[in-house]
Structure formats: C-alpha cells, structure tokens
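Secondary and tertiary structure notes
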Amino acid sequence: MSILKADHITIRFGGLTAVSNFYLNIKEGELVGLIGPNGAGKTTVFNMLTGVYKPTKGKIYFNNQEINKKKVDQITALGMARTFQNIRLFTNLSVLDNVMVGCHLRIKSSVLNAVFYLPQYSQEENNVREEAKQLLKEVNLEKLKNNLAGGLPYGQQRKLEIARALATRPRLLLLDEPAAGMNPHETKDLMSFIQKIQEKFKLTIVLIEHDMKVVMGICKRILVLDYGITIAEGNPVEIQHNPEVIKAYLGVEAHYA
Amino acid sequence: MKKKKKDYFILKITTILMVVVFVFIAQRNFDAYVVRILNLCGIYVILGVSLNLINGFTGQFSLGHAGFMAIGAYVSALLYMSPELKEVNYFITPIIWPLSVIQIPFVFSLIIAGLVSAGVGFLVGAPCLRLKGDYLAIVTFGFSEIIRVLFCNLQSITNGPLGLKGLPSYTNLWWTWGMAIFTVWFVKNLINSSYGRALKSIREDEVAAEAMGVNLFYHKVLSFVVGAFFAGIAGALLGSLVMTIDPNTFSFFMTFQIIIIIVVGGLGSVTGTVIAGTVFAILMEVLRSVESPMRLFGLHIPGIPGMRMLIFSILLMIVILFFHQGLMGTKEWSWEWLYNKLTGNKKEIEEGS
C-alpha cells in the first residue's frame, strides 16, 4: 500500500528548474535513500513533500490524499515528520520541552482550559510529559532532559531532533542528512538506531545522505538525483554499478581512467 | 514530598495575605501621591507583562501597545461616564446616540474594554502577523498611530483632541494590583502550558516549529490577542487613574516606555518585567527633580522637560551593554526559590518533576 506518492512534480524558482518531473512512490514500511551530488535538489524534494515549497507542476499524495494545498503543520498532523540538514532545534528550550513541542498538536484542550489548568488539560499535559520522557529514554537523553538543547553535543542534537520528530507520531519520517558531521563510530550507532526506531514505531523512512556506508547499509531502495532529474533507481548493488551514477559522482573523465 | 506541598501552600497563602494587608493599609493610610505611584507600578506591570508575551515569548516585535491602551481607555471611559458628564465634555460636537445614555459599572466597562481591545488585536494581528521582524514592528507602529489619528478626528465619539476630562476616579490599588497579579498569573500559566511551549518554539525557530505541527498563524494571533486584552485593561485603569485622557496620551512615547521596561527586565522573563516595571514607575516620579530648574556648580539650568527620558535612554544603553539579555534574561522567580531561601535549603536537584 502506497503511503507517499510524488506524481511527477516539478518546481521552478524563476528561470531555474530545481527539480524536474520527480516521481516517487513509497510503500508502507520501506526505507528509501535519496542521494545525489551537492545541489542536486534533494532537500528541495523534502521541502516540497513537507509543504514548505509548493510544486509548480505535479501532485503529491500522502495516504492517497492530495496534500499540495495543505500547510506545513497540517501535513505534519497527517503523519509526516522531518528533521533538518542544519539542525534546527529550539536551542533556548530544555531538551524535554523540545520534545513536548512535538506533542503539542495532540493537545485538545482550549487555551483557557490550559491557563486555568483544568483537569482535562492537566491530564493531557501529564500524558504528553510521560510520552516525551519515554521518547527521550529511547534516544538515551533522559538524563539530560533539563539541559538546554543548544548546549548538547552535536551527535545528541541529531538524536534529539529525531526524538522531536517522533513526538508528532509520524507514519513517514524524512531524515535530511542524519549522519552529517558524525564520526565513524557515531555513524554506526546511528545506523542501528534508525533501524531500531523504524521497527519500534512502524515507520516508513526516507533519508537523504552523503555517507554511502549509511545509504548502502540500511536502504533497500535508492533514488539518485542529479540537477533535479532522477537518473537512477534501484537497490544498493544496482546503484553502485550504474554508469550514470558513477558519471554524476566522479565526472565524465572516470570513463577514461 | 507531602510535607513540602503543604509548606508551599502555606507559603502562597501567607504571601497573598501579606499583599492583601499591604494593599489594605496602603490604600487607607498612605499619602495620595504614594498611592498614585503604587497604582502606576501595577499598571506598568500589566503593560510590560502583556507586551513581553508578544515580543519576548513569541518573538513577534510589536510596537502597537499604545494603540490597544487607547482603545481600552476610551471604550471603558465611554461606558462608565455618566450621561451628564458626557454632556459637559462634548460641548463642541455632541456625542452620538447610544453612547450618550449608556452608563455601566466600572468592572463591566473594564472587561468590555479588554474584550474590544482583544477583538481589534485579532483584526490587526490576522493580516499583520504574516510579516516578520522589522516589517511587523513598522506595521504595528503604524496601527497605533492610526488609532491615535482616528481618535483625534472621531469627534462625535471620542471628543477629538479635547479628550475626556473629569473622569470618575475608580482606579485604586485593589484594581491595579489585583489586575497586575492576575495578569502575571495568567501569562505565567499560559507560557508554562503546552501553548506556551508552542509560542516559545515560534520565537526559537519558526520553520522548525511549523514542521513540528505548530500552527504559526493561530499561535501568533493568540499571543497578540491576549497581549491586546491586557493592554486594553491597563489603558482603562490608567484612564480612570489620571482622570483625563486624550489621544496624544497614547502616542509612540507610551509604547517606547513599555519597550524600555521589557528590554531592561529581559525579553522572555515575567519576573524581570515585574521588577523593571515597578522600578520604572518609581523612577519616573523620583526623576521629576531633574526636570525642574536647578543650580549646578553655580550654573543656572532651566527646567528641561523630557530630561527623564534622557536618563532612561542612558540606563537602557547601560543595560544593553552590560546585561545583554536584560536584568533577568529568561530566568524566573519561583516559589521553590523562595522556599529554599526561607528554609535555608541548598538547591536540590529535582528528580522526576
């Protein structure tokens, strides 16, 4: 069953076509990698899927529902969450508060209900707090829950960002370069972590990544973008031997080498 | 743990009782001048805390507070003035019909003033909050100027530049301090709730907040409307305190004073705003002496009106240079802190809050 379908989407910024005719169909439970050289349009694709940019052409379906006209927060509420390439935590809030912001969309009580701390709200607040703590336990940050998010080391900030995204209870998780700036040991951790949360939260994951070890190691299916065009699609072995991909990454001279 | 909870309860009750007793004594025995300053303290606290909700906690730089105060002051005054008083005031252009005969008790006029101000806050906020940073500041500043000019020219409703004079003096310490405490309580509960976390997340990173499912529009307008509500009430209290209002009372100068309060107190700290608001109200009176003619080193200096603001500007610069985040930054006073001070406890690390 298809969870996300990008039906030949194109986006132009003025005269520049950033992504052209992009097609993507993801089934529930898949782990798909999106790779390509710098400036290929990978993050632009994420921004279109999450509603930050509106595609110039083409339609996006999430759970067979068209989401072209939906706003970012509405799409998140439907069950799509993301992380950012350059970490965007709420740096001056505590680690726990960061995760609890992700739970905010499930608060049903009204503002006045919350201000006067009526039983309905206090129940919700407690549930949210428990859930956030549980998620922090999942990413091994529960001891740091009262620290400011901006003060965490880089690797933990990455994990906190994933925990915050999980707090929205997504079905589809988009990870934008989760291993960027990590050392080999942290990267290895991250790979098993991604697989662990996929199983535990029954997620479908799309990830952008430059670290080929990560992509080849955990993705079952890989899409390669170059200059906004999908140049290859397939499993890791196919991608590694695809001449188009080698050309995109190493340049034409590679043929003669 | 049980005992601690009980102690907190006793602590809170004692504090509230002490405030009540203080207000009771102050209202009856203190000099009228001192009471007036204490009243201004309360009003500045309401204004500061409500503007800090918009500027400090939600990160939307608004300069429209004077406009909301004007709306609150006029709406309440038009509602609680007696028909006879209105007739005396509107001697050039008579007041239009329904307003000329209405008179309701002060307390209701106060609530309606807040609600009307909040309603205008919604109408202004809905289109303006699409803008960010400097642009929002300019547009909200424009709004408060529009209100001022509008009130100058709507003679049959506001009596134009003549203003309203001889307003009954309903404002007393019970009102100002009561409302100030209510405002602080309301805003503190709001920012500590899930909605408050969403507001702060917007301040921190709008893009990320939206991606986490925070409806930017709803939450920005929410903080704007709540801020406008309390600004309207503060305006109404101020009108009945000084007993005369005219559109120029609510010029940009007014907003600037509140901005000083929240910047000095710390954008994002209710405690800082309360301290700064109180100090500001007191200094405004104490520093009156620098505006009167004086002899300095044998030189005769004539009274220069506005010297006080010069001193405030210098104070503001000092605070910005040496306390980058204001006096309190984003820190807050808490019952726990007071409790530990009183019992001499070292700060304990709370487990499983």
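Cut-offs applied
- Along each chain, the written sequence defines residue order, and numbers are assigned to residues from 1.
- Whichever chain is written first becomes A and whichever ligand is written first becomes 1, with later ones labelled in order.
- Where local features are concerned, this predicted model is filtered to residues with pLDDT of at least 70; where side-chain atom pairs are given and counted, the filter is 80 or more; whole-chain, interface and lining totals use all residues.
- We count a stretch as a helix when DSSP gives it H or I for four or more residues in a row; a strand needs E for two or more, and each element gets its number in order from the N terminus.
- Our radius of gyration is a C-alpha quantity, and the globule rule it is checked against amounts to 2.2 Å times the number of residues to the power 0.38.
- A residue is called partly exposed when the number of other C-beta atoms within 10 Å of its own lies between 12 and 20, exposed at 12 or fewer, and buried at 20 or more, with C-beta atoms placed from the backbone.
- Placing C-beta atoms from the backbone, we regard two residues as in contact once those atoms come within 7 Å.
- A pair of strands is labelled paired if DSSP reports no fewer than 2 bridges between them.
- An axis is simply a line fitted to the C-alpha atoms; with a helix, the fit covers only the stretch in contact. Between two such axes, the angle follows the N-to-C directions and lies from 0 to 180 degrees.
- An angle counts as roughly parallel when it lies under 35 degrees, as roughly antiparallel when it exceeds 145, as roughly perpendicular when it falls between 65 and 115, and as oblique in every other case.
- A crossing counts as left-handed when the near helix is turned anticlockwise from the far one by less than a right angle, and as right-handed when that turn is clockwise.
- Residues of type Ala, Val, Leu, Ile, Met, Phe, Trp, Tyr and Cys that are buried and joined through C-beta atoms within 7 Å form what is called a nonpolar core.
- Under the scheme applied here, ten amino acids are nonpolar (Ala, Val, Leu, Ile, Met, Phe, Trp, Tyr, Cys and Pro), four are charged (Asp, Glu, Lys and Arg), and all others, including Gly, are polar.
- Delimitation of the domains relies on an automatic or database domain assignment.
- The span expected for a helix works out to 1.5 Å for each residue beyond the first.
- Scored between 0 and 100, pLDDT is the confidence that the predictor attaches to each residue.

For the rest of this paragraph, the subject is the overall build of chain A. Along the backbone of chain A there are ten helices and ten strands. Its C-alpha atoms give chain A a radius of gyration of 19 Å, within 12% of the compact-globule value 18 Å for 257 residues. The C-alpha extent of chain A, read off along each of the three principal axes, is 70 × 40 × 35 Å. A burial count over chain A gives 42% of its 257 residues as buried. Expressed as a percentage of contacts within chain A between residues at least 6 apart in sequence, the contacts between residues at least 24 apart total 65%.

Scanning chain B for helices and strands turns up 16 helices and four strands. In terms of overall dimensions, chain B is globule-like: its C-alpha atoms have a radius of gyration of 22 Å, near the 20 Å expected for 353 residues. C-alpha extents for chain B along the principal axes are approximately 70 × 55 × 45 Å. Out of the 353 residues belonging to chain B, those deemed buried represent 45%. At a minimum sequence separation of 6, the contacts of chain B that also span at least 24 residues come to 81%.

Take the sheet that holds strand E2 (residues 16-27) of chain A next. Residue and element names in this part refer to chain A. Here we have four strands laid out as an open sheet, ordered E2-E1-E4-E5, and antiparallel in their pairing. Each edge of the open sheet is held by one strand with a lone partner, namely E2 and strand E5 (65-66). As judged from the eight bridges shared by strand E1 (residues 2-13) and E2, these two strands associate in the antiparallel manner. For Ser2, the partnering residue across the bridge sits in E2 and is Lys27.

Looking now at the packing of helix H2 (residues 32-57) of chain B against helix H12 (residues 216-242) of chain B. Residues and elements named next belong to chain B. For the pair H2 and H12, the least separation of the axes is 9 Å and the interaxial angle reads 165°. The angle between H2 and H12 falls in the class roughly antiparallel. Between H2 and H12 the crossing geometry is left-handed. Of H12, the residues touching H2 (which contributes Asn39, Ile43, Ile46, Leu47, Ser50, Leu51, Leu53, Ile54 and Phe57) are Ser223, Phe224, Val226, Gly227, Phe230, Ala231, Ile233, Ala234, Leu237, Leu238 and Leu241.

Bringing the sheet that holds strand E8 (residues 204-208) of chain A into the picture now. All names here are of chain A. Taking strand neighbours across the sheet as the criterion, the six strands line up as E6-E7-E8-E3-E9-E10 in an open arrangement whose pairing is mixed. Edge positions in the sheet fall to strand E6 (80-82) and strand E10 (229-234), since each of these pairs with one other strand and no more. Each adjacent strand pair in this sheet contributes to an overall mean axis angle of 20°, direction not counted. As paired elements, strand E7 (residues 172-176) and E8 share five bridges and run parallel to each other. Counted as the bridge partner of Leu175 is Leu207 from E8.

Residues and elements named next belong to chain A. For Asn21, which is not glycine, the phi torsion reads 55° and is therefore positive. Examined against the element boundaries, Asn21 turns out to sit in strand E2. Given 14 C-beta atoms within 10 Å, Asn21 falls into the partly exposed group. Phi at Asn64 is positive, roughly 60°, even though this residue is not glycine. Residue placement: Asn64 occurs in the loop between strand E4 (57-62) and E5.

All names here are of chain B. Here Gly196 is to be found in helix H10 (residues 194-204). Its 24 C-beta neighbours within 10 Å are what place Gly196 among the buried residues. Taking C-alpha positions, Gly196 is 9.0 Å from His219, a pair spaced 23 residues apart along the chain.

Another aspect to go through is the nonpolar core. Counting residues in each nonpolar core, the largest one holds 162 residues, and the members touching the most others are Ala163 of chain A together with Ile46, Met69, Ile233 and Ala234 of chain B. No other element matches H12 of chain B, which puts 14 residues into this core.

In this section: the interface of chain A and chain B. Chain A puts 27 residues into the contact, and the matching count from chain B is 22 residues. Elements supplying a minimum of two residues to the side of chain A that touches chain B: helix H2 (72-78), helix H3 (95-103), helix H4 (111-115) and helix H5 (119-138) of chain A. Tallied by class, the residues present in the side of chain A that touches chain B amount to 14 nonpolar, seven polar and six charged.

Each assigned domain of chain B is listed with its residue range as follows: domain 1 (1-30) and domain 2 (42-251). Taking the mean C-alpha position of each, domain 1 of chain B and domain 2 of chain B sit 30 Å from one another.

Time to look at helix H3 (residues 65-80) of chain B. Look at H3 of chain B: 23 Å from first C-alpha to last across 16 residues, which is about the 22 Å you get at 1.5 Å a residue. Most of H3 of chain B sits out of view: 16 of its 16 residues are buried.

In this fold, Phe201 of chain A is placed in the loop between helix H7 (184-200) and E8. Along the chain, Phe201 of chain A and Arg171 of chain A lie 30 residues apart, while their C-alpha atoms are 8.0 Å from each other.

For the rest of this paragraph, the subject is the confidence of the model for chain B. Residue and element names in this part refer to chain B. Taken residue by residue, chain B gives an average pLDDT of 89. The fraction at 70 or more is 97%. Within chain B, the lowest mean pLDDT, 76, falls on strand E3 (residues 294-296), and the highest, 96, falls on H12. Note that pLDDT drops below 50 for residues 348-353; the model gives that stretch zero contacts with residues more than four away or on any other chain. The ipTM value of the predicted complex is 0.90, and its pTM value is 0.90.

A few words on the environment of Leu190 of chain A. Mapped onto the elements of the fold, Leu190 of chain A is located in helix H7. With 22 C-beta atoms packed within 10 Å, Leu190 of chain A lands in the buried category.

Where E1 of chain A lies against E4 of chain A, five bridges are found, and the strand directions are antiparallel. Note that in E4 of chain A the partner of Ala6 of chain A across the bridge is Ile60 of chain A.

Moving on: the packing of H3 of chain B against helix H6 (residues 106-128) of chain B. Residues and elements named next belong to chain B. As a packed pair, H3 and H6 sit with axes 8 Å apart at the nearest point and diverge in direction by 145°. Considering how the two elements wind past one another, H3 and H6 form a crossing that is right-handed. From H3, Phe68, Ile71, Gly72, Val75, Ser76, Leu79 and Tyr80 reach across to H6, where they touch Phe106, Ser109, Leu110, Ile112, Ala113, Gly114, Val116, Ser117, Val120 and Gly121. A per-class count over the contact of H3 with H6 returns eleven nonpolar, six polar and no charged.

Per-residue confidence for chain A averages 91 on the pLDDT scale, and 98% of its residues sit at or above 70. No element of chain A has a lower mean pLDDT than helix H10 (residues 243-250) of chain A, at 83, and none a higher one than H3 of chain A, at 95.

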